[in-house]
Amino acid sequence: MQLVRQKDHMMAKGVHRSRRTLGAVLAVAALASAATACSDSAEPERGAPAPAAEKQAPAAGALTAYVEKVRAQRAARVLAAKRWGLAKPPLEAPAPPAVKPKITTRKGFETDGEGLPPVFTTVPTKQKVVFLTIDDGAEKDPQLIKMMQELRIPYSAFLSNYLVKDDYGYFQKMQKSEESGVALHNHTLNHRYLPGLSYSEQKREICGMQDVMEKRFGKRPPLFRPPYGNYNEDTLVAAKSCGVKAVPLWASEAFPDHMEWREWDRDLHPGDIVLTHFRGKEDWKGTMPDMIRRVMNVITSKGYAVAKLEDYV
């Protein structure tokens, strides 16, 4: 949590007032109340001009409006959790770091090349947060967008063009569905096994999808995930050549009826990336909301919040 302190010195002798603004709402409200109490107890020097009420009102009014907005959002999230059948409301993520952590390639995932986009499964952080990512784009369930919007759960989508090209509008709607925006990233044009392709073929798969993303969604994404999590040095060189900055893989994978784990302890850890897919009953035992319900129950029960990947990477 970042703390910004501002001090305003009044012209009257011996009278001081300090105001602190914090990202967390309860802390802001508490400090604002304390500042008000202190100013009420301080007696200004006789003849000193009193602060103009109209100059104080906007700040106090903005604070009150902000607190009320967050309270309303929390209440709505509780009701949404009940409506969507979650055991508990999702935990609120802490404020993201002021400086993003340095991402390095996970040990054992390196290639011989230097200066290439890092490949990782977990973001280095001590905050008890994980990151939810959804791959490919086969299932286009409108209930998923509605559910995630009502629950205020951030997520990132890694798209393959051969699956999304029949309905770019669905993902454009998804992109705009959250207040801070759902981030859409690169998962290649045709979801091919990249190590089996030549460098030029890999570059077409990756950079071609960058072109599609820019045309359809307005941005060349900085993140890329290779199909099946498989890559070689050519993959990373090609990705870097068309603007990719990092290659997030995953530490666990969510299904409607179970979780699969990469780590030996079969558990979540701070900064873990969780993978799932755009799938429906034709491919697995449940719908997209069924999958979200299960993974969120696991994440929340273990005391984790879902944060936005792009705030950390």
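Before reading further, recall that the structure is shown in the block above.
J.: Residue-level account of helix 5 (residues 168-175), with values.
T.: Among the residues of helix 5, those classed as buried are Tyr168, Tyr170, Phe171 and Met174. Along the axis of helix 5, the buried positions cluster into a sector of 160°, meaning they face one direction only. The secondary structure elements touched by the buried residues of helix 5 are helix 3 (142-151), strand 5 (156-159), helix 4 (161-164), strand 6 (183-186) and helix 6 (199-217).

J.: Got a sec to walk through the state of the cysteines? Specific residues and values, please.
T.: Throughout the structure, instances matching the rule amount to one disulfide. A disulfide bridge connects Cys207 with Cys242, and the sulfur atoms are separated by 2.3 Å. Its S-S torsion of approximately -85° makes the covalent link between Cys207 and Cys242 left-handed. Of this pair, Cys207 sits in helix 6 while Cys242 sits in the loop between helix 7 (233-241) and strand 7 (247-248); the two residues are 35 residues apart in sequence, bridging distant segments of the chain. Exposure remark for Cys242: the relative accessible area of 9% places this residue in the buried category.

J.: Tell me about the pattern of salt bridges, and name the residues and values.
T.: Here the idea is simple: oppositely charged side chains can pair when their charged atoms come close. Under the counting rule described, the total for this entry stands at 11 salt bridges. Between Glu68 and Arg71 there is a salt bridge; the shortest N-O distance is 3.0 Å. Of this pair, Glu68 and Arg71 both sit in helix 2 (residues 53-83), three residues apart, roughly one helical turn. The exposure class of Glu68 is partly exposed, given its relative accessible area of 42%. Ionic pairing is found between Arg220 and Glu214, a salt bridge with its closest N-O pair at 3.4 Å.

J.: Just give me the short version of the pairing of strand 5, but keep the residues and values in it.
T.: Regular strands show a simple pattern: their side chains alternate between the two faces of the sheet. Side chains Ser156 and Phe158 of strand 5 all project onto a buried face; the interleaved residues Ala157 and Leu159 project onto the opposite face, where all are buried too. In terms of strand pairing, strand 4 (residues 129-136) meets strand 5 through four bridges, oriented parallel. Within strand 5, the position partnered with Ile134 by the bridge is Ala157. Pairing of strand 5 with strand 6, which is carried by four bridges, proceeds in the parallel orientation. If you follow Ser156 over to strand 6, its bridge partner there is Ala183.

J.: Talk me through unusual backbone geometry; I want residue IDs and the actual numbers.
T.: Although it is not a glycine, His191 adopts a positive phi angle of roughly 55°. Position of His191 relative to the elements: it lies in the loop between strand 6 and helix 6. With a phi close to 65°, Tyr228 is a non-glycine residue in the positive phi region. The topology assignment puts Tyr228 in the loop between helix 6 and helix 7.

J.: A description of the packing of aromatic side chains should follow, citing residues and the corresponding values.
T.: Across all of its chains, the model carries five aromatic pairs by this definition. Consider the rings of Tyr170 and Phe171, whose centres lie 4.9 Å apart with planes at 85°: the pair is edge-to-face. The exposure classification of Tyr170 matches that of Phe171, with both residues buried. Their ring planes at 85° and their centres at 5.6 Å tell us that Phe171 and Phe278 sit as a pair that is edge-to-face. Here Phe171 is found in helix 5, whereas its partner Phe278 is found in the loop between strand 10 (273-277) and helix 8 (288-301), with 107 residues between them in sequence. Note on accessibility: Phe171 and Phe278 belong to one class, buried. Among the aromatic side chains, those forming a connected cluster through ring pairs are Tyr170, Phe171 and Phe278. In this arrangement the basic side chain of Lys128 is found over the ring face of Tyr304, its NZ or CZ atom lying 5.0 Å from the centre. Seen from the ring of Trp250, Arg262 lies directly overhead, with NZ or CZ sitting 5.5 Å from the centre.

J.: With reference to specific residues and values, describe the pairing of strand 4.
T.: Among the eight residues in strand 4, eight count as buried, and that is most of the element. With two bridges joining them, strand 4 and strand 11 (residues 305-306) adopt parallel strand pairing. Note that in strand 11 the partner of Val129 across the bridge is Ala305. Bridging between strand 4 and strand 10 involves five bridges; their strand directions are parallel. What sits directly across from Phe131, in strand 10, is Ile273. In this region the chain leaves strand 4, passes through helix 3 and returns to the parallel neighbour strand 5; the handedness of that crossover is right-handed.

J.: How would you explain the nonpolar core if you had to name every residue and give the values?
T.: Side chains of a nonpolar character, in soluble globular proteins, are inclined to be buried together. Core analysis: the largest hydrophobic core is formed by 45 residues, its most contacted members being Leu144, Leu159, Phe171, Met174, Leu184, Phe278 and Ile292. Elements represented by at least two residues in this core include exactly helix 2, strand 4, helix 3, strand 5, helix 5, helix 6, strand 9 (259-261) and helix 8. Looking at this core, the element that brings in the most residues is helix 8, giving seven residues. With sequence-adjacent residues up to four places away left out, Leu159 is seen in contact with Asp136, Val164, Phe171, Leu184, His185, Asn186, His187, Thr188, Met209, Met213, Phe217 and Phe278.

About the criteria used
- What you see as residue numbers is a count from 1 along each chain, following the sequence as written.
- Selection of residues for local features in this predicted model requires a pLDDT of at least 70, selection of side-chain atom pairs for listing and counting requires 80 or more, and totals for whole chains, interfaces and linings are taken over all residues.
- Excluded from the side-chain calculations are hydrogens and water; all other atoms, namely the structure's heavy atoms, are used.
- We call a residue buried when its accessible area falls under 20% of the maximum for its residue type, exposed when it is over 50%, and partly exposed in between, using a 1.4 Å probe and counting protein chains only.
- In this text, helices come from DSSP runs of H or I with a minimum length of four residues, and strands from runs of E with a minimum of two, each type numbered from the N-terminal end.
- By arc we mean the arc of the directions from the helix axis to the C-beta atoms, nothing more.
- Contacts are assigned to residue pairs with any non-hydrogen atoms lying within 4.5 Å of each other.
- Cysteine sulfur atoms are paired as a disulfide whenever they come within 2.5 Å of each other.
- Any Lys or Arg side-chain nitrogen found within 4 Å of a carboxyl oxygen on Asp or Glu counts as a salt bridge.
- The pairing criterion for strands is at least two bridges between them, as found by DSSP.
- Stacked, tilted and edge-to-face are the three classes applied to pairs of Phe, Tyr and Trp rings, where Trp contributes its six-membered ring and a pair requires centres within 6.5 Å; stacked means planes under 30 degrees apart, edge-to-face means over 60, and tilted covers the rest.
- Two conditions define a charge sitting above a ring: the NZ of Lys or the CZ of Arg must be within 6 Å of the ring centre, and it must be within 35 degrees of the ring normal.
- Throughout, right-handed denotes a crossover for which the path from the first strand over the helix to the second runs clockwise when the strands point away from the viewer.
- The set of buried Ala, Val, Leu, Ile, Met, Phe, Trp, Tyr and Cys residues whose side-chain atoms join them within 4.5 Å is what this entry labels a nonpolar core.

From the geometry alone we can't say anything about function, so treat these as descriptive.
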